[in-house]
Amino acid sequence: MITFSKQQLKIPQLQKPVYLVSAGQSKFDRAFPDKRTEELCIESFVMAAELLNMSPADLKRYIHSCYYGHFADHFGDQLLGESVIHDRLGLDPLGNVGVKTGGATGGSTLWEGVKAVASGYSDCVLVMGWERMDEVPTDEGNFLISCAADKDWESPLGHIYTGYYAVMAQRYWQIFGKSEESFRKTLAEISVKHHGYARFNPFAQAPMKITVDDVLKSPVVAYPLRALDCCLMSVGAACAILCDEKTAVALTSNSKNKPLRIFVSAGSHTLRPADRRDMDIPLLPNEKADQYRDLGDRFPGGDRYPGFTGFLAARMAAYYGYGMTGITDPTDDLDVIELHDAFTISDVQTYEDVGIRPYGYGRDYVESGDCYHTNPHTGKPGKLPSNLSGGLIGCMHSVGATGIMQTFEVACHLWNRWEEMHGEEKLWKKFNREKPKDWTNLQVKGAKRGMAISHAGVGSHVTATILMDPDHLIRKDA
Amino acid sequence: MSMFGQVFVKDNKYKLKGDFHHLTPCTPIRDADSGFKLLGVTNPRDMTYMHSYGGEAVFFESLSKGKLLATRCDQFECESKGSVYIPFRIHCPDCLAKNTVIDLTDVARKTARVHTFMVCERSGAFNMLDTPIKFINIEFDGVATILMSYLSIGEPDMQMRVVPIFRTSGPTFTILDLSWVPEGTREDQLPEGFSF
Ligand SMILES: [Zn+2]
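Parameters at a glance
- Residues numbered from 1 in each chain as written.
- Chains lettered and ligands numbered in written order.
- Predicted model: local features only at pLDDT ≥ 70, side-chain atom pairs only at ≥ 80, totals over all residues.
- Heavy atoms only, no water.
- Helix = DSSP H or I, 4+ residues; strand = E, 2+ residues; numbered from the N terminus.
- Buried < 20%, exposed > 50% of the residue type's maximum accessible area, 1.4 Å probe, protein only.
- Contact = heavy atoms within 4.5 Å.
- Buried area = accessible area lost by both parts, 1.4 Å probe.
- Salt bridge = Lys/Arg side-chain N within 4 Å of Asp/Glu carboxyl O.
- Polar contact = N/O pair within 3.5 Å; in protein donor to acceptor, adjacent residues only side chain to side chain.
- Nonpolar A, V, L, I, M, F, W, Y, C, P; charged D, E, K, R; others polar.
- Pairing = 2+ DSSP bridges.
- UniProt positions renumbered as here; feature names shortened; annotations may be inferred.
- Axes fitted to C-alpha atoms, helices over the stretch in contact; angles between N-to-C directions.
- Parallel < 35°, antiparallel > 145°, perpendicular 65-115°, else oblique.
- Expected span 1.5 Å × (residues − 1).
- Donors = N, O, S within 2.8 Å, 3.2 Å for Na, K, Ca; no water.
- Tetrahedral: all angles 85-135°; square planar, octahedral: opposite > 155°, others 65-115°.

### Overview of the environment of Leu 190 of chain B
Residues and elements named next belong to chain B.
Consideration 1: Following the sequence through the fold, Leu 190 ends up in the loop between β14 (178-182) and β15 (194-195).
Consideration 2: Accessibility expressed as a relative area gives 10% for Leu 190, which makes it buried.
Consideration 3: Beyond its immediate chain neighbours, meaning those up to four positions away, Leu 190 contacts Ile 153, Ile 165, Val 181, Thr 185, Ser 195 and Phe 196.

Dropping the structure here:
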């Protein structure tokens, strides 16, 4: 049983408020044989400037330091790729740094940017992330991804990361899902939902109108997970502009973007699931110490925490993030959320880690209809719509950009610009994609607060990015 | 005629023999939809690394001798005193003192159970295992961690009792030299090169 000290559990405090004023992203796709990474990065930066009704050159004049998220150097076969992008963006001689934390790279890059502004080092920063995963064939790509596992104890075992991950899914499936056909269907519904929402997102790579049956008939990747349960492999870029209050007012003076308060917290856990040691469940504000005492009776085998079924890093990111912002219950306090749906089953695990449902009951978030834009059972707005972008399953997983894409999506709702940012014909034309005839506006009406969870591999790093309309803070001193 | 790169250490220096890289020419990538105009080039590369196991070397050497080693923190003042680790941890994660190396072979033979598993049809480039790969994660009595490995015979299931087998003939000196079979498997059923 391991424990954590009071100092380690301190709630983080920013020295001054930090604002997200704009964001942008490129088209996302499996491959861009005709584009260099810098072209995608510039595309996303130009968009961020456009949303502020500024020229890119004018926006650059405000930026003081830069944070670049790019995970896999070996995929792009270019060390110091951050330096290439920085130069192509014409941002010399500003200080810049590369950030890499696997699948959480986008979120971690935002984390670094926020701290730079909060500390007073910079008044305005660029946070940009990208990934290039199309320069090797799939087998070689799987090998390169497996290099993120322990090179002596894990990677030689098949060089297939899905395998290292899926053992955790198997345990969750049997213990908490009780291997029930009904749970398998719930997982499939997540895929249907995310591919379906991707149909309304011009940036998204995998829009699909599919049924639960289609998911259940897709090829098995690692039982019970099938091809349509898995996230995409993508290429693309996304960026965000963060700044202090004074700069936020200046930058948005000619824009529909309202500056949004941004908070980012982070947690971690062992690179190898093998090394996870037992501990008590760290509690979130909407949980009580005794509620998990009989978890092992309700779910035989489920008493080991985090075992292979919980993600401690996600739990800790939520713990720090909720503490910073005053969130007690994410379903009540948030209006929209983007989760790291690497697999349908890890989406469910995350509902529990971040306190949307208690441990053991994640599936209810889907089955109740709360996670939908419009609850399919009631026809009313979902209580906490998730992954309206399509998520990693429907929109993209261009690793270094993913956490920033999620944040862009949440911001669109809070700015009340989702319809414009996803519905405009010129965007669909620009990306050479066909806008569906039944295109639906997924703007969450009146959204004031949202969160994005960025997650690495088997749970080594997780960040929580929380956005709030400054007139709707929960903790006034946050 | 090329030769695989081989290395030994003498006077604390790496001594190299053979080829550590192979040359393959770059070729153009052209657009078949657009008059075969140039889009890029291939960049072939094949290179051999030299990797030190450091304080874990004894673990990998022991596999080839049919032994499963683990480590334990024996520091009296450490809050995790007595915790046993496999994967092998050279230092205690709490007090950072050097752990004691212990022989876990018997404990493994008597108590190893499948904590979770996955049958994986796919593999990545450079995979040396037969597919489907039967990943198993193994719990042991009195051990703080859950080791990842693979099952060589039979179908995995939760809580199934398994026993370790070792590639004692023609070892690779990697984690692949350790595998598992269901309790009760006979010696003559083991994969080539492996013994109990
Ligand atoms: Zn110790």
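### Considering the interface of chain B and chain A
Consideration 1: Opposite the 46 residues of chain B that make contact, chain A presents 36 residues.
Consideration 2: Summed over both sides, the interface between chain B and chain A buries roughly 3600 Å², with carbon and sulfur atoms accounting for 62% of that surface.
Consideration 3: Inspection of the chain B/chain A interface yields 2 salt bridges.
Consideration 4: Of the charged contacts, one joins Asp 94 of chain B and Arg 277 of chain A as a salt bridge, the two residues approaching to 2.9 Å between their closest N and O atoms.
Consideration 5: Counting across the chain B and chain A interface gives 13 residue pairs in polar contact (both at pLDDT 80 or more).
Consideration 6: When residues of the side of chain B that touches chain A are traced back to their parent elements, those giving at least two are α1 (57-63), β10 (113-120), β11 (133-139) and β12 (147-150) of chain B.
Consideration 7: Sort the elements by how many residues they give to the side of chain B that touches chain A and β10 of chain B lands first, with 6 residues.
Consideration 8: Here the side of chain B that touches chain A is built from residues that sort into 26 nonpolar, 12 polar and 8 charged.

### Quick word on the sheet that holds strand β8 (residues 84-85) of chain B
Residue and element names in this part refer to chain B.
Consideration 1: Within the open sheet, the 3 strands sit side by side as β8-β7-β9. Their pairing is antiparallel. On the outer flanks of this sheet lie β8 and β9 (100-103), each paired with one strand and no other.
Consideration 2: Inspection of the sheet shows strand β7 (residues 69-72) paired to β8 by 2 bridges, in the antiparallel sense. If you follow Thr 71 over to β8, its bridge partner there is Tyr 85.

### Comments concerning the UniProt feature "domain: Thiolase C-terminal" (unreviewed entry) in chain A
Consideration 1: The positions that UniProt labels "domain: Thiolase C-terminal" (unreviewed entry) are, in the present scheme, residues 308-416 of chain A.
Consideration 2: For residues 308-416 of chain A, the helix share is 49%, the strand share is 3%, and the end-to-end C-alpha distance is 39 Å.

### Describing the packing of helix α8 (residues 181-198) of chain A against helix α14 (residues 344-353) of chain A
Residue and element names in this part refer to chain A.
Consideration 1: It is the contact of α8 with α14, at a shortest axis distance of 9 Å, that shows an interaxial angle of 100 degrees. In terms of their interaxial angle, α8 and α14 are classed as roughly perpendicular. Contact with α8, carried on its side by Phe 183, Leu 187, Ile 190, Ser 191 and His 194, involves Thr 344, Ile 345, Asp 347, Val 348 and Tyr 351 of α14 and no other residues of that element.
Consideration 2: Here the residues of the contact of α8 with α14 are counted per class, giving 6 nonpolar, 3 polar and 1 charged.

### A word on the pairing of strand β2 (residues 13-17) of chain B
Residue and element names in this part refer to chain B.
Consideration 1: Across 5 bridges, the pairing between strand β1 (residues 6-10) and β2 is antiparallel. What sits directly across from Gln 6, in β2, is Lys 17.
Consideration 2: Remark: 2 residues form the turn of the hairpin made by β1 and β2, two consecutive strands paired antiparallel; Asp 11 in that turn has positive phi of roughly 55 degrees.

### A closer look at helix α7 (residues 161-175) of chain A
Note on helix geometry: an α-helix contains 3.6 residues per turn, so any two residues three or four positions apart are oriented the same way.
Consideration 1: Here α7 of chain A contains 15 residues, and its C-alpha end-to-end distance of 22 Å stays within 8% of the 21 Å for a straight helix at 1.5 Å per residue.
Consideration 2: The element α7 of chain A is extensively covered by neighbouring structure, given that 14 of its 15 residues are classed as buried.

### Focus on the coordination of the zinc ion
Residue and element names in this part refer to chain B.
Consideration 1: On the protein side, the zinc ion has Cys 73 (SG), Cys 78 (SG), Cys 92 (SG) and Cys 95 (SG) as donor atoms, found 2.3 Å from it.
Consideration 2: In this structure, the zinc ion is coordinated by 4 donor atoms arranged in tetrahedral fashion, with angles at the metal of 107 to 112 degrees.
Consideration 3: Counting along the primary sequence, the residues that act as donors to the zinc ion give the motif C-x4-C-x13-C-x2-C.
Consideration 4: On the basis of relative accessible area, Cys 92 is assigned to the buried category, the value being 0%.

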